Structures are given as structure tokens and as C-alpha cells.
Amino acid sequence: MDWFWALRVRLGLDPAVNKGIEGEDAVAGKLAEKGWFRVKGLCLRNLYLPAGQEGTAEIDLVYLTRRGIYVIESKNYSGWIFGREEEAEWVLSVYAGRDWLGRIKTEKHPFYNPLWQNRGHIRALEALTGPDVPLWSVVVFPGRCHLADVEWDSEDTQVCLLEQLPRALRRMGRRTLSRGQVRRLYEQLQPYTRASWGEKKAHIRQVRRLEKARTRDGGPGRCPWCGGALVLRTARRGSQAGRQFYGCIHYPDCTYTQEL
């Protein structure tokens, strides 16, 4: 039924996709505000960047400023958000009515750590822009939600609600790029917003494969260091020769490993 799902997406009939687009529209609208915002820049949406063996990385929004590039992941959820930077899964808790005693019921829905997800986006972007361009990771929740218990330690990262976005951007970085550099980066990245329908379908299939690998038999998911996929490897040398383990797909640049 992949063809039916693809047709619904193309015609704008998929509620989840529509909700995601609405969230991105809200974030883009907030970025477009002038005056008090004070962090002015250029916005690009839905970039499909090459990501080596993983195919492509889809970035919701990038905001190019003289402070660097803000890589923005939008999560248009409604409910209470729980999660920590080192955890592979975060939890969305939503209101589910009341039981026969009048007590509030909730449903819990796990979702992949958006900070880890954005690390993969930043890695793909850095491969194009080079290491000298500051890249900042921002996860925004534009929906009707509450960050009930969310913690992170990385200084180059922010997690916020939509109304907190201006303050979050002002907390990161200082002016290091010229206006000319910002314009050249914009022109360099703009072609990646013009992905064909075939390229988008290939990316969707890739995401589904990773999700199946992550959930099947407690699969390894993604690397907590860089956001790359974890793949099964076999040690070939040393005292551990023959031992199987999960290693980051970006090895040797990333040397994270996880026991089988």
C-alpha cells in the first residue's frame, strides 16, 4: 500500500504530514518577525542533503545569520514532553479522558530523541559548509505542549517552545560571519530545497527502514554522538576478534560502539 500512502501525501490528505507542515509554517513565521527579534537572517525549508551511506538527511528549517546557521527541527506535538539528551527515546504524554472514578488518564507515546536526530542533520550540513561555519542545534515544539521534564547539557543546543524561540536564538553565538558570507551560504544551500518527488520517496523509504531496525528486537537505533545509524559489525583483529557489536556508520570519523 506504499502507493496509496504516497498519493495521500502528494495530495495533502495525510493528517500527520499536514500537522508537520503547519508546525514548520509557524516556526518560519516566527523567524520572519522583525524589530524586537534582533537575530535577522535568511530562512530555507525542507532541505534534502547528501548523508553518505545513509542516503539523505531532511532538515525542516535552516536559519542563516551572521551568528552562524541555526539547524531547526520542528516537532508539532500536543501534550507533555519528557526527555533527556542522553536518552534514545523521549515521551509524549497526552490527555486520554477520565476513568470511572474521575481520575485523569494519559497515553504515552515514545518518539526518537530529536537532539540525536538533529546531530545527523548538522553532520550532513557541516560536510557542505565546512568546519569554520558555526552550526547551532535548535529543537522547537510549536504545538500546544509543555516541556514537563526536558534536560540537555550541550552549549550549542536549545530546546524550546515556539514563543521562546527568539530568546533561544539570542542565547547562542555571536557575530562571526559577514553579510556576504551569509548570502553565499544561502545560495549554496538553496538548491537542496528543490528535491524531486523521487528523491523524497527514497528518503521516506530510508526513514522507514531505520525505524524498523530501531524497533525490531530492541534494535540499536542511532548513534548518540553524531546521530548516524548504528550497524552490525564484527571485530577483525585483537583479543576481541570475531566479536559482533554495533558501530556508527560514520566510522572512522565517529568511533562510538554499543554492545550487541
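Residues numbered from 1 in each chain as written. Predicted model: local features only at pLDDT ≥ 70, side-chain atom pairs only at ≥ 80, totals over all residues. Heavy atoms only, no water.

**Remarks on the sheet that holds strand S4 (residues 79-84)**
Thought 1: The strand order S6-S5-S4-S8 describes an open sheet built from 4 strands, whose pairing is mixed. Two strands in the sheet have a free side with no partner beyond their single neighbour: strand S6 (104-112) and strand S8 (145-151). Across the sheet, the axes of successive neighbouring strands diverge by a mean angle of 20 degrees, strand direction being ignored.
Thought 2: Relative to S6, strand S5 (residues 89-98) is paired through 8 bridges, and the arrangement is antiparallel. Paired with Trp90 across the bridge in S6 is Phe111.
Thought 3: Together, S5 and S6 form the strand contacts of helix H3 (residues 114-129), whose direction differs from that of S6 by roughly 20 degrees. (Pairing = 2+ DSSP bridges. Helix = DSSP H or I, 4+ residues; strand = E, 2+ residues; numbered from the N terminus. Axes fitted to C-alpha atoms, helices over the stretch in contact; angles between N-to-C directions. Contact = heavy atoms within 4.5 Å.)

**A few points about the sheet that holds strand S9 (residues 157-161)**
Thought 1: Ordered in space as S1-S2-S3-S7-S9, the 5 strands form an open sheet in which the pairing is mixed. Each edge of the open sheet carries a strand with a single partner, namely strand S1 (42-50) and S9. Each adjacent strand pair in this sheet contributes to an overall mean axis angle of 30 degrees, direction not counted.
Thought 2: Bridging between strand S2 (residues 56-65) and strand S3 (residues 68-74) involves 5 bridges; their strand directions are antiparallel. Looking across to S3, one finds that Tyr63 is bridged to Tyr70.
Thought 3: Strands S1, S2, S3, strand S7 (135-141) and S9 of the sheet are contacted by H3, whose axis makes an angle of about 145 degrees with S7.
Thought 4: The strands touched by helix H5 (residues 179-189) are S1, S2 and S3; relative to S1, the strand with the most contacts, the crossing angle is about 45 degrees.

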